[in-house]
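An overview of the molecular structure
Here is how the chains run, residue by residue.
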Amino acid sequence: PLPTQGSLLYLDALHAAFPQALAPRRTALLSWAPRHPRPPAGWPLPTLYCTPAEAGTLPSRAAALRVQLLFALQERALHVLEAGLATELHDTLAALHAGWPELAQDLALGRLSPQPGLPEGVRGQLQALLVPNAARAAELRAECARGSEGIVQRLWPQLEVVVVGTAHGAEQLYCDALRRADCKGLPLYCPFYQAAGALLGVNLWPEEPVPRFLLCPDWAFYEFLPCPAEEEPRTVLLDELWEGREYGLVLTAQPGEYRCRAGEVLRVAGFHKQCPVVEPVRRESQALSVRGESIPEDRFCKSLCRAVGMWPGARLVDYICVESALLGASSGACAPHYEVFVELRGLRDLSEGQRYKLDQCLQEDFPIYKSFRFKGSIGPLRLHLVGAGAFARLREALGSPLPMPRVLREERLLQLIQSTVIS
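Residues numbered from 1 in each chain as written. Predicted model: local features only at pLDDT ≥ 70, side-chain atom pairs only at ≥ 80, totals over all residues. Heavy atoms only, no water.

Further remarks concern unusual backbone geometry. A cis geometry characterises the amide bond from Cys227 onward to Pro228, with omega recorded as 0°. Within the secondary structure layout, Pro228 lies in the loop between strand E8 (221–227) and strand E9 (246–252). Non-glycine residue Lys273 carries a positive phi angle of around 55°. Tracing the sequence through the fold places Lys273 in the loop between strand E10 (260–272) and strand E11 (275–283). (Helix = DSSP H or I, 4+ residues; strand = E, 2+ residues; numbered from the N terminus.)

So, in structure tokens, the structure goes:
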């Protein structure tokens, strides 16, 4: 659970920036928590939400998000749309674009259609909370027929802000996509910073596009290792941090818990009343390293985005990277290399020259990678295109409400993504 102080700081920042945000039943939730009901954002204020708590606990992620979407659509006067992850909001809106005729019919009739992952008993309980609304159904049909750009604000004209649980790492791809299209014109606010299962910071600046988090001293015991690593590493404390520098986080979250490296690298963006304000940079575990070159996921993503910019008409939806050792014999007899799976919009196929652009960008951005490629100790990168919606299905199969890793190390998930390859 979130510390009470964190909840109050969040609510105060939200109310200060968006005065109508705390109106009763004017917040809709899109979040999947399959194992047990929980307060939507960690605080006991159920009167804020128009979404039944049971809707988020369904065994199927896709079913949970569709049911929550239906309840959100029923309430036209929303002020806040809240999602546990940016990917959850993206997948919910993708389901809206694909299935709005059926959703409109359910709205008009005040019913909840049977679907996989929705137990019949739970469906009956939730359907009792719906009422027929033909006018709202007609509005949904009219707005969806106009396309996806700005659809969120067109469906909910009083909406002030979209709240997402995580907006850094690969989730930033989805935040950027939402800002460009479905959520155009609305601020995306990421309120909390969590690591190792503990709440560490709160974002007091809801209207700023890049999330920054105030580290609160009494929520955990923090230590920091300067990056890059020193020859004789020594941890520093909160009052020894320097603005502009990067640090690895060492954490003791609660009294009696083990001291551990959280695997997070933070950049100190400034100070607020003597407390550091940080920006998450990367996760240390998310790195590619077939020969010890250690390319961080965040920097790989930048190289990938640069390569995609050289493919006319293409827009990157999502990606994962795999070290070829995970594929075993199926990777062939060549030197160890990277296997990259990407989902694109606007482009159905890539020429060999276009595929090589990513390997070229990596060589330009990482001299050590270029050196290993020149020596032949790292083989050419292999790029695979996957079908539309492949990553949404992968998140469903993952069975976890946590962000999906982009450097994949689990064979079961690799087999699933391989089955969606189209070229």
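Having put the structure on the table, let's press on.
With that settled, the discussion passes to the packing of helix H9 (residues 352–365) against helix H10 (residues 367–375). The N-to-C vectors of H9 and H10 enclose an angle of 120°; their axes lie 5 Å apart at closest approach. On the basis of the axis angle, H9 is oblique to H10. Contacts between H9 and H10 pair Asp359, Leu362, Gln363 and Asp365 from the former with Pro367, Tyr369, Lys370 and Arg373 from the latter. Partitioned by chemical class, the residues of the contact of H9 with H10 number three nonpolar, one polar and four charged. (Axes fitted to C-alpha atoms, helices over the stretch in contact; angles between N-to-C directions. Parallel < 35°, antiparallel > 145°, perpendicular 65-115°, else oblique. Contact = heavy atoms within 4.5 Å. Nonpolar A, V, L, I, M, F, W, Y, C, P; charged D, E, K, R; others polar.)

It is worth spelling out the domain arrangement of the chain at this point. Each assigned domain of the chain is listed with its residue range as follows: domain 1 (4–190), domain 2 (211–283) and domain 3 (287–419). Computed over C-alpha atoms, the centres of domain 1 and domain 3 are 32 Å apart. Between domain 1 and domain 3, the residue contacts involve 17 residues of the former and 19 residues of the latter. Of the roughly 1400 Å² buried where domain 1 meets domain 3, counting both sides, 54% is carbon and sulfur surface. Where domain 1 meets domain 3, there are one salt bridge. Between Arg395 and Asp91 there is a salt bridge; the shortest N-O distance is 2.7 Å. Where domain 1 touches domain 3, the interface holds six residue pairs in polar contact (both at pLDDT 80 or more). Elements with a minimum of two residues in the side of domain 1 that touches domain 3: helix H2 (61–74), helix H3 (86–109) and helix H7 (171–180). Of all the elements, H7 adds the most residues to the side of domain 1 that touches domain 3, at five residues. (Domains from an automatic or database assignment. Buried area = accessible area lost by both parts, 1.4 Å probe. Salt bridge = Lys/Arg side-chain N within 4 Å of Asp/Glu carboxyl O. Polar contact = N/O pair within 3.5 Å; in protein donor to acceptor, adjacent residues only side chain to side chain.)

Under the definition given, this model contains seven aromatic pairs. Geometrically, the ring pair formed by Tyr10 and Tyr189 is stacked, given 5.8 Å between the ring centres and 25° between the ring planes. Note that Tyr10 is positioned in helix H1 (residues 4–17) and Tyr189 in strand E4 (residues 188–189), a separation of 179 residues in sequence. The exposure classification of Tyr10 matches that of Tyr189, with both residues buried. Aromatic pair Tyr193 and Phe213: ring centres 5.7 Å apart, planes at 35°, arrangement tilted. Here Tyr193 is found in strand E5 (residues 192–195), whereas its partner Phe213 is found in strand E7 (residues 213–215), with 20 residues between them in sequence. Assessed through its relative accessible area of 0%, Phe213 is described here as buried. Over the face of the ring belonging to Trp205 we find Arg212, whose NZ or CZ atom lies 4.2 Å from the ring centre. (Phe/Tyr/Trp six-rings, centres within 6.5 Å; stacked < 30°, edge-to-face > 60°. Buried < 20%, exposed > 50% of the residue type's maximum accessible area, 1.4 Å probe, protein only. Lys NZ or Arg CZ within 6 Å of the ring centre and 35° of its normal.)

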